[in-house]
Structures are given as C-alpha cells and as structure tokens.
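One letter stands for each residue in the lines below.
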Amino acid sequence: MTRISAAIAAGRAESTRKTYASAWRRFERWCTDRTIPPLPATPATICAYLADFAQQGVVSGTIEGACAAIADAHHRDGHPNPVADEPVKAVRRGIRHTLGTAPRRQARPLNTDEIRQMLTGIDRTTIKGVRDAAVILLGFASALRRSELADLNLDDVEPKPEGLLVHVRQSKGDPEKRGQLVGVARGNHPDTDPISALDAWIDLRGREPGRLFVAVRNEQIGPQPFTGSGLARMLKDRAAAAGLPSERISGHSLRAGHATTAAMAGVDLARIAAQTRHTRISTLVEHYIRPLEALQVTSSRNLGL
C-alpha cells in the first residue's frame, strides 16, 4: 500500500505535492489546537474547518485546494473521503457563493520600458547588481516560471551563435520531467541584452557546476542557491527603487510581462504559447490577452471625458 501511494504521489507535479503538503499541515494544526483527530476526519470536522478558514479572508480557490489535500490524505491512508459527504459539499457551495470564484488580482506584468527603467537604477559595477540584471533580463526574455528560473543549473544554459538554449529540466507543465527547451535571442541594445547580462554574471560566478544563480552577501558570492522567494523579493525591491508601483510585482511579473508585451507587439498567439509553454491556449488568452483587448476596445475612450 505504501509503494502504491508513493507511486501515485510521484505522478503529480512537485508543486502540487508541496501545495497538498502545506494545506494538510494547516489542517493538522487546526485539528491539534482543538484536540480533534485529523485522520480520519469526520464530515462535521471538515465543515467546521472550512467555515473557519473562509472567515480568514482566503479565496474560494484556496478552500478548494484544502479540500483536495484533505481528500488526498484520506485516500492515501485508506480512509473514506469525508470531503465527498453531502454536508461538506453544501458548505463548499455556500462558500463559493459567498466568496465568489474569481481569482485574486494577478501579478502586474512588467513591460520592456519598465524593465529598462529598473535596470537603469541597478549599479552593475557590483556583484549583486550584475546578478540581478541577469536574473531580470533572462527571466523576462525567456518567460520562465519563477521556480524554473531559480532552479536552473549552469549546464542548463547552452550558448548558441544566435543566443542561447535554456534546458528546463522539470516544470509545472512537464510533470513527467521529459525536459523542455526555451530559446532566448540576443538583444538589440547592449544594456538590455540578456545574453551579455548572463555572460557578465557567469564571468563573476565562475564555471563550477551547480545552480546558475546563487546568493550574494556583502558582495561575496556564496554557495547557497538564489531561491524563488528571494528572486521575488529582489524584483519587488528593484521595482520600488525604480519608482514603479510594486504592490503587485511578484516573481510572475517577468513571465506575464513577456506574454503581454509580445501580444501588444503583434506576435502570433501560437509563438507566445510556444515560448511560455502553455498547453492550453485558453489560459494564455484569459490571463494575458483579454486584459489587453479590454483596454484597446473600451468604449470609454469615446465618452469625451
């Protein structure tokens, strides 16, 4: 039974496993605080938990994620799924009606002018400045996910005369870890050329095997990897320092910015999807293209305001 559960778990993307584990730990803590057994949990326990969780200001998607994690834990341990009980379903429906199903506001996409503005404020004579410029430009040009960018190793980057190939070993869209290739072309301007920026960082980092981007402390390159959360904090800090609104800047702002900027430049949707590796074109359209179209076709332009 343990081997079967392990095989089932291995079939999920790593990000899904982490999300489930985090949601389950949250439920376990809630049960422990109330001396209630989390496994197996009764439908009444699940109803009380979901109602309490909803009052904390989470979105309905987070509630549904918690339900999926609880159901998964019970399935793996051979217990009946309490989430499938009708009272729990009724509570979930009520929460969806109360909270709505619309996602929270997405990360703010960064466009090319804003990327250039951020780079202008970075002191690229410092080690940290060289690293941050390389992260920003490679992230924007490649449209990699935050985790993919942070997880790159030096040998994942393959120089070519026209630019470079980035080998993405594993990603959300590649749960079987077959690997994906992403191309990055040379830039037209020296200050924003992602290839030159990356070369400058590698010259400082050295060519020892390991993570491509590593921590920099007190202008010293350390052995610790530059994490996805560290990348997101850096991006937010660099945006704020450049005078850009940073409240919705996140690690996704580079990837989202690539998609929206390319769409505004008239790049074919199929080419954008090939770069971002979206398996569902509808996701690309819904998240990146429609917001642009809404601004372009709005009749409010013609109100004489």
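Residues numbered from 1 in each chain as written. Predicted model: local features only at pLDDT ≥ 70, side-chain atom pairs only at ≥ 80, totals over all residues. Heavy atoms only, no water.

## Examining the sheet that holds strand E3 (residues 180-185)
Operational definition: When DSSP finds two or more bridges between two strands, those strands count as paired. A run of H or I in DSSP becomes a helix once it reaches four residues, and a run of E becomes a strand once it reaches two; helices and strands are each numbered from the N terminus. Axis angles are defined between N-to-C directions and span 0 to 180 degrees, where every axis is a line fitted to C-alpha atoms and, for a helix, only to the segment in contact. The contact criterion used throughout is that any non-hydrogen atoms of two residues lie within 4.5 Å.
The strand order across the open sheet formed by 3 strands is E1-E2-E3, and the pairing between neighbours is antiparallel. At either margin of the open sheet sits one strand with a lone partner, and together these are strand E1 (157-160) and E3. With direction set aside, neighbouring strand axes in the sheet form an average angle of 25°. Across the sheet, helix H9 (residues 194-205) is in contact with E1, strand E2 (163-168) and E3; its angle to E3 comes to roughly 105°.

## A few points about the packing of aromatic side chains
Basically, it comes down to this: Here a pair means two rings of Phe, Tyr or Trp (six-membered ring of Trp) with centres within 6.5 Å. Their orientation is stacked below 30 degrees between planes, edge-to-face above 60, and tilted elsewhere. The cut-offs for exposure are 20% and 50% of the maximum accessible area for each residue type, with area from a 1.4 Å probe on protein chains only; residues under the lower value are buried, those over the upper are exposed, and the others partly exposed. We call a charge positioned over a ring when the NZ of a Lys or the CZ of an Arg lies within 6 Å of the ring centre and within 35 degrees of the ring normal.
One pass over the structure, following the stated rule, counts 5 aromatic pairs. Taking the centre distance of 4.9 Å and the plane angle of 70° together, the rings of Phe27 and Tyr49 count as edge-to-face. Separated by 22 residues along the polypeptide, Phe27 in helix H2 (residues 14-33) and Tyr49 in helix H3 (residues 43-54) bring together distant segments of the chain. Pair check on accessibility: Phe27 and Tyr49 agree, each one buried. Ring plane angle 25° and centroid distance 6.4 Å describe the contact between Trp201 and Phe213, whose orientation is recorded as stacked. Residue Trp201 is found in helix H9, and its partner Phe213 is found in the loop between H9 and strand E4 (214-217); the two are separated by 12 residues along the sequence. Among the aromatic residues, those joined into a cluster by ring pairs are Trp24, Phe27, Trp30, Tyr49 and Phe53. Seen from the ring of Phe226, Arg131 lies directly overhead, with NZ or CZ sitting 3.9 Å from the centre.

## Considering the packing of helix H7 (residues 127-142) against helix H11 (residues 253-264)
Relative placement of two packed helices is described by the angle separating their axes and the distance separating the axes. As a reminder, the rule being used: Working definition: roughly parallel below 35 degrees, roughly antiparallel above 145 degrees, roughly perpendicular at 65 to 115 degrees, and oblique for all remaining angles. The hand of a helix crossing depends on one turn: near helix anticlockwise from the far one by less than a right angle means left-handed, and clockwise means right-handed.
Where H7 contacts H11, the two axes come as close as 7 Å, and the packing angle between them is 45°. Between H7 and H11, the crossing angle belongs to the class labelled oblique. Relative to H11, the crossing made by H7 is right-handed. On H11, the residues touching Val135, Ile136, Gly139, Phe140, Ala141 and Ser142 of H7 are Leu254, Gly257, His258 and Thr261.

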